[in-house]
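Structural characterization, general
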Amino acid sequence: MAGKDDDIAAAFGGEPDHSVKRHPVAVFFHLFFRASALLVYLFCRWFTDAFIPSFIAIVLLSAFDFWTVKNVTARLLVGLRWWNKVDEDGVSQWVFESRKDGREPLPSESRIFWWSLVICPIIWLVFIFTSLIGFRFNWLMAAVVGGTFTGTNLYGYMRCSQGKTSLKAAATQYLGRKVLEEALTSQATSSSTASA
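Keep in mind the model is a prediction, meaning the values are calculated, not measured.

Within the structure shown, the criterion is met by two salt bridges. The shortest N-O distance in the salt bridge between Asp65 and Arg34 comes to 3.1 Å. On the criterion of sequence distance, the pair formed by Asp65 in helix H3 (residues 51-77) and Arg34 in helix H2 (residues 24-47) is long-range, its members being 31 residues apart. You'll find Asp65 and Arg34 in the same group, each marked buried. Of the charged contacts, one joins Arg81 and Glu97 as a salt bridge, the two residues approaching to 2.6 Å between their closest N and O atoms. Linking Arg81 in strand E1 (residues 80-86) with Glu97 in strand E2 (residues 92-98), this pair joins segments that are 16 residues apart in sequence. Exposure remark for Arg81: the relative accessible area of 30% places this residue in the partly exposed category. What makes Glu97 partly exposed here is its relative accessible area of 24%.

Quick look at the structure:
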């Protein structure tokens, strides 16, 4: 129903209501499995000393998260998908696609998708380093599994969003644009204070 109201508002020059989520269930599950795996890693030692059930729970929640993001939420929330295929010669090829229907994702859903996609691998990296420093190699395995699942999705969707552009070129272009904006902003501020 919100989509129809957004179309009517846009057709008459109004602003669509972006506070309403187009896919609230997808947003929920996009965050649920991710947060659950992190919370199990953080707090399972409070409830049990057994490593194996905790490890299995982390692996399963990370796998559910990987599958959900790759096959459902990315398509709905940002219109991206990727997969890996092996051709007849046995060469592995990554395939990246984006939505072609011209429908833009909601900014709020897109922000939720990208922020959680980027932040979770960083958190898993912190867990990896703390496990290494603390010589907790069992927990290192669990953190590596969680980091691998979330990192693979991050890599795939970064490649999707960049199209044929390499990540290095995209980062360089982004930083160049930010430096130019900062220079223009500081120049405009200094010229306005000089004229005053």
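So that's the structure; there's more coming.
Relative orientation and spacing of two packed helices are given, respectively, by the angle between their axes and the distance between those axes. At their nearest, the axes of H3 and helix H5 (residues 137-162) sit 9 Å apart, and the two run at 5° to each other. Classified by the angle between their axes, H3 and H5 sit roughly parallel to one another. In contact with Phe51, Ser54, Phe55, Ile58, Val59, Ser62, Ala63, Asp65, Phe66, Val69, Lys70 and Ala74 of H3, H5 contributes Asn138, Trp139, Met141, Ala142, Val145, Gly146, Phe149, Thr150, Thr152, Asn153 and Tyr157.

This paragraph deals with the environment of Arg159. You can see Arg159 is positioned in helix H5. It is 9.3 Å that separates the C-alpha atoms of Arg159 and Glu97, two residues lying 62 residues apart in sequence. Reaching out from Arg159, the side chain makes a polar contact with the side chain of Tyr155 at a distance of 2.8 Å.

With that settled, the discussion passes to the packing of helix H4 (residues 107-133) against H5. Close contact between H4 and H5 brings their axes to 8 Å; oriented N to C, the two are set at 150°. Of the possible angle classes, the one that applies to H4 and H5 is roughly antiparallel. In the packing of H4 onto H5, the handedness of the crossing is left-handed. A per-class count over the contact of H4 with H5 returns 19 nonpolar, seven polar and no charged.

Turning to unusual backbone geometry, a few remarks are in order. For Phe135, which is not a glycine, the phi torsion comes out positive at approximately 55°. Turning to its location among the elements, Phe135 is positioned in the loop between H4 and H5.

Now for the confidence of the model for the protein chain. A residue-level look at the protein chain finds 73% of positions with pLDDT of 70 or above and a mean pLDDT of 80. Taken as a whole, residues 7-16 scores under 50 in pLDDT and shows four contacts with residues more than four places along the chain or in a different chain.

Turning our eyes to something else, we now look at the side chain of Ser116. Mapped onto the elements, Ser116 comes out in helix H4. Looking at Ser116, the relative accessible area reads 10%, which means it is buried. Among the polar contacts listed, one links the side chain of Ser116 to the side chain of His30, at a separation of 2.6 Å. In this structure the side chain of Ser116 is engaged in a polar contact, spanning 3.0 Å, whose partner is the backbone oxygen of Ile112.

What follows concerns the pairing of E1. Regular strands place their side chains on alternate faces of the sheet. Bridge analysis of E1 against E2 gives seven bridges, and the strand direction is antiparallel. In the sheet register, Trp82 faces E2, and the bridge partner there is Phe96.

What follows concerns the nonpolar core. Taken as a class, soluble globular proteins show a tendency for nonpolar side chains to be buried jointly. Among the nonpolar cores identified, the biggest contains 16 residues, and Tyr41, Ile58, Trp124, Phe127, Trp139 and Ala143 are the most heavily contacted of them. Of all elements in the fold, only H2, H3, H4 and H5 reach the threshold of two or more residues within this core.

About the criteria used
- Residues numbered from 1 in each chain as written.
- Predicted model: local features only at pLDDT ≥ 70, side-chain atom pairs only at ≥ 80, totals over all residues.
- Heavy atoms only, no water.
- Salt bridge = Lys/Arg side-chain N within 4 Å of Asp/Glu carboxyl O.
- Helix = DSSP H or I, 4+ residues; strand = E, 2+ residues; numbered from the N terminus.
- Buried < 20%, exposed > 50% of the residue type's maximum accessible area, 1.4 Å probe, protein only.
- Axes fitted to C-alpha atoms, helices over the stretch in contact; angles between N-to-C directions.
- Parallel < 35°, antiparallel > 145°, perpendicular 65-115°, else oblique.
- Contact = heavy atoms within 4.5 Å.
- Polar contact = N/O pair within 3.5 Å; in protein donor to acceptor, adjacent residues only side chain to side chain.
- Left-handed = near helix turned anticlockwise from the far one by under 90°.
- Nonpolar A, V, L, I, M, F, W, Y, C, P; charged D, E, K, R; others polar.
- pLDDT = per-residue confidence, 0-100.
- Pairing = 2+ DSSP bridges.
- Core = buried A, V, L, I, M, F, W, Y, C linked by side-chain atoms within 4.5 Å.

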